[in-house]
Amino acid sequence: MIIVIGCDHAAFDLKETIIKHLENNEKISNIIDCNDEVRYIEKDGKFIPEAVDYPDIAKSVCEKIINSEEEIRGILICGTGIGMSIAANKFKGIRAAVCSDIFCAEYCRLHNNANVLCMGARVINADKACELTDIFVKTEFEGGRHSKRLEKIEKFEN
Ligand code: RB5
C-alpha cells in the first residue's frame, strides 16, 4: 500500500512523526510526502513555519489518490482535521474521515471505506495520531450492506 500524506503549518512536526512511525509498517511500500520543504519565517523574535493553505495540500494528496492505479490511502493533518476533510471530500472518489478516537478510525474503514484519514494536530497528541494511523492502515472495508450505501453517495458525485 502507498501512503500519501500532507499537512499545513499547524501539523509539520506531527506529520514528520507519522512518517517515521509508518516507515516500520510492513504493509506500506512507499510514503509520498506532498509538502514542499518547510520554510521558516521570523515572527516576534521566533522562527516559525511559514503558513500553508490546507486546501492546496488536500488537493495534492487527493489528486495522487485519484490518479493512482495501486492501492493507496491518504493522511491529511491540519489544526483540527476539519478543514482538510472538508476540502478532500470535494474530490470525486475521496472519502475523507476526520478522526480523533480509535472507534472512528476503525469504523471509517470498516463501514465507510474511507481512503483519507484526517487528524487535528491541535486536537490529539502524537501517540494517539500514530495509533489511529495504524488502525486506518490495517483495517479493511467490510463491504456487504455498506457497499450499497457508498454507491448512493457516489451518485451524489455525478
Ligand atoms: C490554521 O490555523 C488552521 O485553521 C488549520 O490548520 C485547520 O485547523 C483548519 O481546519
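Our structure is the block above this text.
Here is a short report on the structure shown in this document. Predicted model only: the values in this text are computed from it and were never measured.

## Topic: the pattern of salt bridges
Summed over all chains, the structure comprises 9 salt bridges. Across the salt bridge formed by K15 and E16, the nearest N and O atoms sit 3.9 Å from each other. Residue K15 is classed as buried on the basis of its relative accessible area of 2%. What makes E16 partly exposed here is its relative accessible area of 35%.

## Things to note about helix α2 (residues 54-67)
Look at α2: 20 Å from first C-alpha to last across 14 residues, which is about the 20 Å you get at 1.5 Å a residue. Of the residues making up α2, those classed as buried are I57, A58, V61, C62 and I65. All buried residues of α2 project into a common sector of 125 degrees when viewed along the axis, lining one side. Contact partners of the buried residues in α2: β1 (2-7), β5 (72-78), α3 (82-88) and β7 (116-120).

## Quick notes on the pairing of β5
When you tally the buried positions in β5, you get 7 out of 7 residues, the bulk of the element. A two-sided burial pattern is seen for β5, the buried positions comprising I72, G74, L76 and C78 on one face and R73, I75 and I77 on the other. Where β1 and β5 come together, 6 bridges link them in parallel fashion. Each bridged residue has a counterpart across the sheet, and for I2 the counterpart in β5 is I72. Here 5 bridges tie β5 to β7, and the two strands are oriented parallel to one another. When the bridges of β7 are listed, G74 appears paired with V116.

## Details of the site of the ligand
Every residue near the ligand is listed here: D8, H9, A10, Y54, C78, G79, T80, G83 and R122. A distance of 2.7 Å separates an oxygen atom of the ligand from a polar atom in the backbone of G79. The backbone of G83 places a nitrogen or oxygen atom 2.9 Å from an oxygen atom of the ligand. A total of 290 Å² of accessible area belongs to the ligand in isolation, and the protein chains cover 71% of it. When the residues that make up the shell around the ligand are grouped by side-chain class, the tally is 3 nonpolar, 4 polar and 2 charged.

## With respect to the environment of R73
Here R73 lies in strand β5. For the pair formed by R73 and L117, sequence separation is 44 residues and the distance between their alpha carbons is 8.1 Å. If we ignore the near neighbours within four places in the chain, the residues touching R73 are M1, I2, I3, V4, I65, R109, N115, F136, V137, T139 and E140. There is a polar contact of 3.1 Å between the side chain of R73 and the side chain of E140.

## Some details on helix α4 (residues 102-110)
What α4 keeps buried is the set A105, C108, R109 and L110. Buried-residue contacts for α4 involve β5, β6 (96-98), α5 (126-138) and α6 (145-157). The residue sitting at the N-terminus of α4 and contributing the capping side-chain oxygen is D101; that oxygen lies 3.1 Å from the backbone nitrogen of F103.

## A short note on the packing of aromatic side chains
Per the counting criterion, the structure on display carries 1 aromatic pair. Geometrically, the ring pair formed by F103 and Y107 is stacked, given 4.4 Å between the ring centres and 25 degrees between the ring planes. Of this pair, F103 and Y107 both sit in helix α4, 4 residues apart, roughly one helical turn. Owing to a relative accessible area of 28%, Y107 belongs among the partly exposed residues under this scheme.

Rules behind the numbers
Residues numbered from 1 in each chain as written. Predicted model: local features only at pLDDT ≥ 70, side-chain atom pairs only at ≥ 80, totals over all residues. Heavy atoms only, no water. Salt bridge = Lys/Arg side-chain N within 4 Å of Asp/Glu carboxyl O. Buried < 20%, exposed > 50% of the residue type's maximum accessible area, 1.4 Å probe, protein only. Helix = DSSP H or I, 4+ residues; strand = E, 2+ residues; numbered from the N terminus. Expected span 1.5 Å × (residues − 1). Arc of directions from axis to C-beta. Contact = heavy atoms within 4.5 Å. Pairing = 2+ DSSP bridges. Near = heavy atom within 4 Å. Polar contact = N/O pair within 3.5 Å; in protein donor to acceptor, adjacent residues only side chain to side chain. Areas by Shrake-Rupley, 256 points an atom, 1.4 Å probe, with all protein chains shown as cover. Nonpolar A, V, L, I, M, F, W, Y, C, P; charged D, E, K, R; others polar. Phe/Tyr/Trp six-rings, centres within 6.5 Å; stacked < 30°, edge-to-face > 60°.

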